[in-house]
Structures are given as structure tokens and as C-alpha cells.
Amino acid sequence: MSVSCQSIGDVEECVGTPWWADAVVYQVYLRSFADGSGDGVGDLAGLRSKLPYLADLGADALWINPWYPSPMADGGYDVADYRAIHPDFGSLADAESLINEAHRLGLRVLADIVPNHTSSAHTWFRAALAGDAAARERYVFRDGRGEDGAQAPNDWESCFGGPAWTRLPDGQWYLHLFAPDQPDLNWSNPEVVAEFEDVLRFWFDRGLDGFRIDVAHGLMKQPDLADAGPRIASSQHLQAHPAWDQDSVHEVYRGWRTIADSYDPPKVFVGEIWVPDNDRLVRYLRPDELHTAFQFDFLRTPWRADALRTVIDDARESVRDVGAPPTWVLSNHDVTRVVTRYARHQPQHPVEADWDRGRWPYQAPDIDLGRRRARAAALLQLALPGTAYIYQGEEWGLDEVEDLDGRVRQDPMWVQSDFTDPGRDGCRVPLPWGAQAGANLGFSPDGAVPAWLPQPESWAGLTHDEQVDDPDSFLTLYRAALRIRHQLWCGAEGLVWLDSGSDALAFRRGDLECWVNTGARPLSLPSCAAVLLSSVGLVDGKLPGDAAVWLRH
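Cut-off values and rules
Residues numbered from 1 in each chain as written. Predicted model: local features only at pLDDT ≥ 70, side-chain atom pairs only at ≥ 80, totals over all residues. Heavy atoms only, no water. Pairing = 2+ DSSP bridges. Helix = DSSP H or I, 4+ residues; strand = E, 2+ residues; numbered from the N terminus. Axes fitted to C-alpha atoms, helices over the stretch in contact; angles between N-to-C directions. Patch = residues over 30% accessible without salt bridge, like charges linked within 9 Å, V, L, I, M, F, W, Y side chains within 5 Å. Areas by Shrake-Rupley, 256 points an atom, 1.4 Å probe, with all protein chains shown as cover. Salt bridge = Lys/Arg side-chain N within 4 Å of Asp/Glu carboxyl O. Lys, Arg positive; Asp, Glu negative; His and termini not counted. Charge placed at Lys NZ, Arg CZ, Asp CG, Glu CD. Buried < 20%, exposed > 50% of the residue type's maximum accessible area, 1.4 Å probe, protein only. pLDDT = per-residue confidence, 0-100. Contact = heavy atoms within 4.5 Å. Core = buried A, V, L, I, M, F, W, Y, C linked by side-chain atoms within 4.5 Å. Phe/Tyr/Trp six-rings, centres within 6.5 Å; stacked < 30°, edge-to-face > 60°. Lys NZ or Arg CZ within 6 Å of the ring centre and 35° of its normal. Polar contact = N/O pair within 3.5 Å; in protein donor to acceptor, adjacent residues only side chain to side chain. Expected span 1.5 Å × (residues − 1). Arc of directions from axis to C-beta.

Caption draft 1: Fine view of the sheet that holds strand S2 (residues 61–64). Taken together, eight strands build a closed barrel; the order of strands is S1-S2-S3-S7-S8-S9-S10-S11 and the barrel is parallel. Across the sheet, the mean angle separating the axes of adjacent strands is 25° when strand polarity is ignored.

Caption draft 2: Molecular detail of a negative patch on the surface. A cluster of like negative charges, contributed by Asp465, Glu466, Asp469, Asp470 and Asp472, occupies part of the molecular surface. Along the chain, the position of aspartate 472 falls in the loop between helix H15 (464–467) and helix H16 (474–489). Given the relative accessible area of 33%, aspartate 472 is considered partly exposed.

Caption draft 3: The arrangement of the confidence of the model for the chain in detail. Per-residue pLDDT for the chain averages 94, and the proportion of residues at 70 or more is 96%. pLDDT under 50 marks residues 1–13. Its contacts with residues more than four places away, or in other chains, come to 38 contacts.

Caption draft 4: Broad picture of the pattern of salt bridges. Scanning all chains against the criterion turns up 34 salt bridges. Note that glutamate 402 is salt-bridged to arginine 344, the shortest N-O span being 2.9 Å. Of this pair, glutamate 402 sits in the loop between strand S11 (387–391) and helix H14 (412–416) while arginine 344 sits in the loop between helix H11 (338–341) and helix H12 (353–358), and the two are 58 residues apart along the sequence. You can call arginine 344 buried: its relative accessible area is 3%. As a salt-bridge pair, arginine 357 and aspartate 421 come within 2.6 Å of each other at their nearest N and O atoms. Residue arginine 357 is located in helix H12, and its partner aspartate 421 is located in the loop between H14 and H15; the two are separated by 64 residues in the primary sequence.

Caption draft 5: The arrangement of the nonpolar core in detail. Counting 152 residues, the largest nonpolar core has Trp67 and Trp550 as the members making the most contacts within it. No other element matches the ten residues that H16 contributes to this core. Listed in part, the 17 residues of the second largest apolar core include Trp156, Phe160, Trp173 and Ala228.

Caption draft 6: Representation of the packing of aromatic side chains. Scanning all chains against the criterion turns up 36 aromatic pairs. A centroid spacing of 6.3 Å and a plane angle of 50° characterise the contact between tyrosine 253 and tyrosine 284, whose relative ring orientation is tilted. Linking tyrosine 253 in helix H7 (residues 249–261) with tyrosine 284 in the loop between helix H8 (278–281) and strand S9 (292–295), this pair joins segments that are 31 residues apart in sequence. Exposure class is identical for tyrosine 253 and tyrosine 284. Each is buried. With 5.3 Å between their ring centres and 50° between their planes, tryptophan 303 and tyrosine 342 make a pair best called tilted. Of this pair, tryptophan 303 sits in the loop between helix H9 (296–300) and helix H10 (305–320) while tyrosine 342 sits in the loop between H11 and H12, and the two are 39 residues apart along the sequence. For the pair shown, tryptophan 303 and tyrosine 342 are each scored as buried. For lysine 50, the ring lying beneath its charged end belongs to tryptophan 433, and the centroid distance is 4.2 Å.

Caption draft 7: Here's a closer look at the side chain of arginine 485. By secondary structure assignment, the location of arginine 485 is in helix H16. Within the structure, arginine 485 has its side chain in polar contact with the backbone oxygen of aspartate 22 (distance 3.0 Å). At 2.8 Å, the side chain of arginine 485 and the backbone oxygen of leucine 382 are in polar contact. Arginine 485 has contacts with Asp22, Ala23, Val24, Gln381, Leu382, Leu384, Gly386, Thr387, Ala388, Cys490 and Trp550, leaving out every residue within four places of it along the chain.

Caption draft 8: Representation of the environment of arginine 357 within the structure. For arginine 357, a relative accessible area of 6% translates into the label buried. Each C-alpha atom, one on arginine 357 and one on proline 422, is 7.3 Å from the other, the two residues being 65 residues apart in sequence. Apart from the residues lying within four places of it in its own chain, the contact partners of arginine 357 are Asp334, Thr336, Met413, Asp421, Pro422, Gly423 and Arg424.

Caption draft 9: Layout of the pairing of strand S1 (residues 24–28). When you tally the buried positions in S1, you get five out of five residues, the bulk of the element. Burial of S1 is two-sided: the residues Val24, Tyr26 and Val28 facing one way and the residues Val25 and Gln27 facing the other way are all buried. Alignment of S1 against S11, held across four bridges, turns out to be parallel. When the bridges of S11 are listed, tyrosine 26 appears paired with isoleucine 390. Of the strand pairs in this sheet, S1 and S2 are connected by four bridges, and their pairing is parallel. Counterpart to valine 28 in the pairing with S2 is isoleucine 64.

Caption draft 10: Quick peek at the side chain of asparagine 440. On the secondary structure map, asparagine 440 appears in the loop between H14 and H15. The exposure class assigned to asparagine 440 is buried, which follows from its relative accessible area of 19%. Here valine 449 takes part through its backbone oxygen, which lies 3.0 Å from a polar atom of the side chain of asparagine 440. For asparagine 440, the contacting residues outside a window of four places in its chain are Leu431, Ala448, Val449, Pro450, Ala451 and Gln455.

Caption draft 11: Broad picture of helix H3 (residues 92–104). An ideal rise of 1.5 Å per residue puts 18 Å on 13 residues; H3 measures up with 19 Å between its terminal C-alpha atoms. Among all positions in H3, only Ala95, Leu98, Ile99, Glu101 and Ala102 are buried. End-on view of H3: buried residues confined to an arc of 170°, all on one side of the axis. The elements touched by buried residues of H3 are helix H1 (44–49), helix H2 (51–57), S2, strand S3 (108–113) and helix H6 (190–204).

Caption draft 12: Here's a closer look at H6. For H6, with 15 residues, the first-to-last C-alpha span of 21 Å sits near the 21 Å given by 1.5 Å per residue. Val192, Glu195, Phe196, Val199, Leu200, Phe202, Trp203 and Phe204 are the residues of H6 that are buried. Close packing links the buried residues of H6 with H3, S3, helix H4 (123–129), strand S7 (210–213), H7 and strand S8 (268–271). At the N-terminal boundary of H6, the capping side chain belongs to asparagine 189, with an oxygen 2.8 Å from the backbone nitrogen of glutamate 191.

The structure is reproduced here in C-alpha cells:
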């Protein structure tokens, strides 16, 4: 593969646009990013050592997955204390130093906040288990149904498999829409509302620039906790449900936005929001609520030109009336890595994560094809107007580690599905920085213990050090793409679709064009345009299949 890039001079940054409206945000799964202590687990020291890399890459900000004290029943999304740092990661002083160092390098910092549930190790829940009536009111406790209350209060199921209710020895049941170690909070309780508003201020006062809100469509439940009824397999949260997307949740975010806007400069929110359609999504993006929300339809779209164009149009049109930017994402810590997702047959329907994992045993991936498509998808994503998120290792073309031994898997999905769903560990394997850069392919310093998840031998050729000076590497492509995005795509006017045929899509923004060929036949390109960047080399002036190119007139 080759990267074609013409030299472009610096241009001024966009004027009058909030930084987050067209930012490139790099997602850091902290446990797997870089290990500074040698204990096989990523930490703040490791991340801080790599901040110059992120700045040089061209990121505008980083989003750090939960860094709080946690028993790690769900990779840190079971929070025991929202005002501290997990000792495996460092200290509160380390977090403050990281934020300050990132700011010196021109990087903003977003952290994860997990408001739908706490850890069962949280002091509130421990008090609830001890019989404290006020503490129980902070969670969702109910008596059971049937004789002696032996049946769960309703038919809700956990997102990880199995029932969403656990019965205690005293006969009451508590709700956990995820793992039993993650009891759901009662957001109808003013104490819960006040607690999280104080948590926001705690971190904002320490310089944090914003939060990614986990399960932002959760929090509020239908007051009567009505049965959900039969569910469609692999639909995740895309059907209406009494536990999700309740209208009352918007009042919570209006309160949060008031707090964010009280700072100078204002703080920022991005929501993880799984809802049936974009009409529901944009309700969270009204001017007095959240700033942005992930466009998961884009992530779920198969590698098909018609499907991609439909999703792009719908996403852009839906946010227009509320004045929010679309937020494009190709992968994250909860779904199959994009290289592997594109390495199999692309269906006519959205690619749900559990459906995708379900075909691993009987459909072998073509990783070379997946990487070719992922390179093209990156150019498509980064040419679109709005915010773009990059998941760590995406810029190196890392594939999903599908064959982890069941004995090392840690995702609760694996256990709660009775060992049928391998879960998300395969996209969370520690990064390979360099085979000669330290232990665990450079993830850890020399002399470290093995990484918390094992890395595949095939990654030895995909390390940062292997790619940094390779003109044809994934990393070189991303660095070039981010430079051109900041210099040219930023502030480019509108988006106009061009005639490109059924297996391709092409659009113009100002004097720039992005052409994407999802088919097999080479695609003819305008003859009067200069090539800025291509995911693979052109052949006789044509764009090969499963490739993308940026042009300038």
C-alpha cells in the first residue's frame, strides 16, 4: 500500500467554531494503553509518557475510560469512589499532573462518568445492604412478585445476559441492568442528583475539560417499572424499554449543562446514547443539554456505499435543527475492532456487536481485506463535518483478538452468557508500542510482569515502532490524514453528494472531495483534481476497490 500526499502549507484554525465541534478525540482505555509501573496494567504514568505521541498524531483531546477506584467487575465501569483514582492507575495528584501536562501540549482531557450505577463496593450500596433505609432509597430496591416475593419484580434482563434483578437474604430485590456488581441508582432521589452535580464540580475544578457520559440514555426508569415484554435478539437498546430513554432524564442534563456553562471556558459533554432512532437522539442535544453524542449508526453500518450514505445523511439532518455537530466513531472499547468487523461478509443490516461476535466461530476473517477497508473508512470518517473519535490502536490497524483463552477473559459478558458470548476483551488487549521498547511488546518497561491480557504474536509487526517510519503504514496514513483535516477540511463548507455509481460514494466540501469505493471495480476519478491523500495507491488514475481518496480542485 502507498500513501499519496501533496505538501500543504499551514492555514489558520477555524474562527468562531467551538473546539469540540470539529475535534479529533482519541479514546484511551487506560488499563491497556501504556504501563508505566511494570505491573502489567496501564496507568497514568504510562499515559503521561505518551502524551507527546498523541499531540504529534494530531489529536485535539483525549477521552480516558474510568480511572476511579473499582473492584473491576466491569473494567472500571463499576465505580466505588467518584472522587479518587484507582491505585493501580496512580493518584489524584497524578491525574491533576496529567491534565496540566496535556494542556501544555494543547490537548483537552475528557474523563468517563458512570451515573447509571455504582459498584456494589460503593459506601452507599454497602450501607443499603446493611439495612440503611435511606441508602436503599438511593438505589432501586423492590419486593418480589408471586408467593413470598420469590419472583423478580419484573421481566427485565441484564445487558450482559441473565436477569436484571438479584434477591438479597432479607427477601428484597435490587436492580442491575448490567452486572450484579453494578446496582442501578435511583435518579428520582434528589440525593443522587446532588451527589453527581458535586462530582462534576470536583473534577471541573481540577481542570478537566469535560465528560463522556456512560449509558446516558439510562438513569431514569419508568416509575411503575413495567415489564419490558418480548425483546428482539441483537437489538441492544434499540427498542423502546421502560429502563431506557425516559423523558425525565433530560432534566438531569439541563442541570449538568448549567454547571458546565458556569465555567470559563465552558466544559463539554459527549453522551453514549443508544436509542431507536436519531429523532430520539437529538433530544439529548438541544442547546441546554449535551454538546455531542456518538453516532452509533455509523459504527454499526456495514461496508456498503448505499448504507453509509443513508446513515450520514440521516445523522447530519437530525442534528441540524438543534445546532449540534454529528460525532463519528468507527470503534470503541465495547465493540469489535473495525479491522475485524470489516474482515467478514458485510450484511444488508446493521452490524450489532453481539451478532458480529456470534459469527466468529464459523466465518473466518480476511484481516488483510479488513485493514484495506479500515484505511478507507478512516478517510471517510475524517473528511466528514463534525467530531471524530479514534479508539486506541485504530491508527495502527490493530485487529480484534478473537482467540483469547476463556481462562483469561475478564468481561462479565463471558460469564453471564454461560460462556457463549466471548465479550469485549478482544478489543481491550494492551497496545504493542515496540518489540524492543520493553516488556509486553513495549506496553510495559523491562522486567515487568505479563500484561493483564495476553497480546498475539502477530502484533509484533504492528507496533508503533514498526510503523512510525514506514511510509505505507496505518500510522503514517493517520498522521497525514489528521494534518490535512486540521489544515483543509476544518471549516470547509457544507457537504454536496457527487455522482459516483452504486458501489461508491463521493462528496464535495468547498474545493475538497472525498471518494470512497466499497465495490470491487476500479472507480474513475475527476481528471482535473490533485490527489491529497489516498488509502492505497491509485491504478492508472483510478481508485481501486475498498479504497478512498481525498482530492482538491
